[in-house]
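What follows is the residue order along each chain.
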Amino acid sequence: MKLNPRLHQINQMITRQYAHIWDCCCDHGLLGAALLDKQAASHVHFVDTVPHVMANLEDKLKRFYSQLAPKNQATISTQWHTHCLNAKSLPLEPSSQAQLIIIAGVGGELTLEIIENLLQLHSKIPLEFLICPVHHQFKVRQRLKQLQLGLIDESLIQDNHRFYEIIHVSTQATDPITSVGNKMWDLSLKTHQDYLIKTIAHYENIAKGNQQAHSQPIQAYQALLAQLKSYA
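Residues numbered from 1 in each chain as written. Predicted model: local features only at pLDDT ≥ 70, side-chain atom pairs only at ≥ 80, totals over all residues. Heavy atoms only, no water.

The next point concerns the packing of helix H1 (residues 5-12) against helix H2 (residues 30-37). Interaxial distance between H1 and H2 falls to 10 Å at its minimum, and their mutual angle equals 35°. Here the hand of the crossing between H1 and H2 comes out right-handed. Along the contact surface, H1 presents Leu 7, Ile 10 and Asn 11, while H2 presents Leu 30, Leu 31, Ala 34 and Leu 35. (Axes fitted to C-alpha atoms, helices over the stretch in contact; angles between N-to-C directions. Helix = DSSP H or I, 4+ residues; strand = E, 2+ residues; numbered from the N terminus. Left-handed = near helix turned anticlockwise from the far one by under 90°. Contact = heavy atoms within 4.5 Å.)

So, on to H1. Regarding H1, the residues found buried are Arg 6, Leu 7, Ile 10 and Asn 11. Angularly, the buried residues of H1 cover 135° about the axis, an arc narrow enough to put them on a single face. Considering only its buried residues, H1 is in contact with H2, strand E4 (99-104), strand E5 (127-132), strand E6 (150-159) and strand E7 (162-170). (Buried < 20%, exposed > 50% of the residue type's maximum accessible area, 1.4 Å probe, protein only. Arc of directions from axis to C-beta.)

What follows is about the confidence of the model for the protein chain. Within the protein chain, residue pLDDT values average 90, and 91% of them lie at 70 or more. Looking across the protein chain, the model is least confident in helix H7 (residues 215-225), with a mean pLDDT of 90, and most confident in E5, with 98. Between residues 72-76, whose pLDDT stays under 50, and residues either more than four places distant or in other chains, the model counts four contacts. (pLDDT = per-residue confidence, 0-100.)

This part takes up the nonpolar core. Ranked by size, the top nonpolar core spans 31 residues in total, and within it Ile 10, Ile 14, Ile 21, Leu 35, Phe 46, Ile 102 and Leu 130 carry the most contacts. For this core, the secondary structure elements donating two or more residues are H1, strand E1 (18-24), H2, strand E2 (41-48), helix H3 (51-64), E4, E5 and E7. The residues contacting Ile 14, other than those within four sequence positions of it, are Ile 21, Leu 35, Lys 38, Ala 40, Leu 100, Ile 102 and Leu 130. Core analysis: the second largest hydrophobic core is formed by 25 residues, Trp 22, Val 106, Val 140 and Leu 149 among them. (Core = buried A, V, L, I, M, F, W, Y, C linked by side-chain atoms within 4.5 Å.)

Our next topic: the packing of aromatic side chains. Counted under the stated rule, the structure contains five aromatic pairs. Taken together, a centroid distance of 6.3 Å and an interplanar angle of 65° make the contact between Phe 138 and Tyr 203 edge-to-face. With Phe 138 in helix H5 (residues 137-146) and Tyr 203 in helix H6 (residues 190-206), this pair connects stretches of sequence that are 65 residues apart. Phe 138 gets classed as buried once you look at its relative accessible area, which sits at 7%. The residue whose ring lies beneath Arg 6 is Tyr 164, and the NZ or CZ to ring-centre distance is 5.2 Å. (Phe/Tyr/Trp six-rings, centres within 6.5 Å; stacked < 30°, edge-to-face > 60°. Lys NZ or Arg CZ within 6 Å of the ring centre and 35° of its normal.)

And the structure:
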């Protein structure tokens, strides 16, 4: 099946080879299947908590990717694995090579819980996180900075009338993460301008009850808005 724009962009942002890629909250496994197609990793792991979803997915993988069946065969360049478990408890393989963990389609708070747990459980393993939280992007970015993660790349994508921020961070990257994004913006595009204005309006609306508590994101996004004068 064809990937939607959000999943397609996540797939496009994976540009190097990994030993292990963990597709968390994988649902129907479309992204993981695309990673198998381009052999993005030696091991592609499909992770979700819903038993019947994982059972159906495993049947499909056996049907369409039988040549990559999860067997201990050195001749197979890419293997797939299914895991019905909470992403907070991924059984990451001890390795000196970075492992990529994809967390997409869940809220910002749950995204942070998964990241914080994995950093604590696997502090000696180089980790990369490619995330696409559906809410609380400002809070997520602030916390990623506090966790001392560095930015690899980021992108802003519109999919089915919604905007998504895709953020690729690492325990080893040194580029700083900004609270409102840096690399993802192209303010010459009307879609990006619309997203920025909509985001400011959102924070201004929730700030009506507590202006002081939400002044920081409003000020940060308004600083970006000031740059729009260059494109007037």
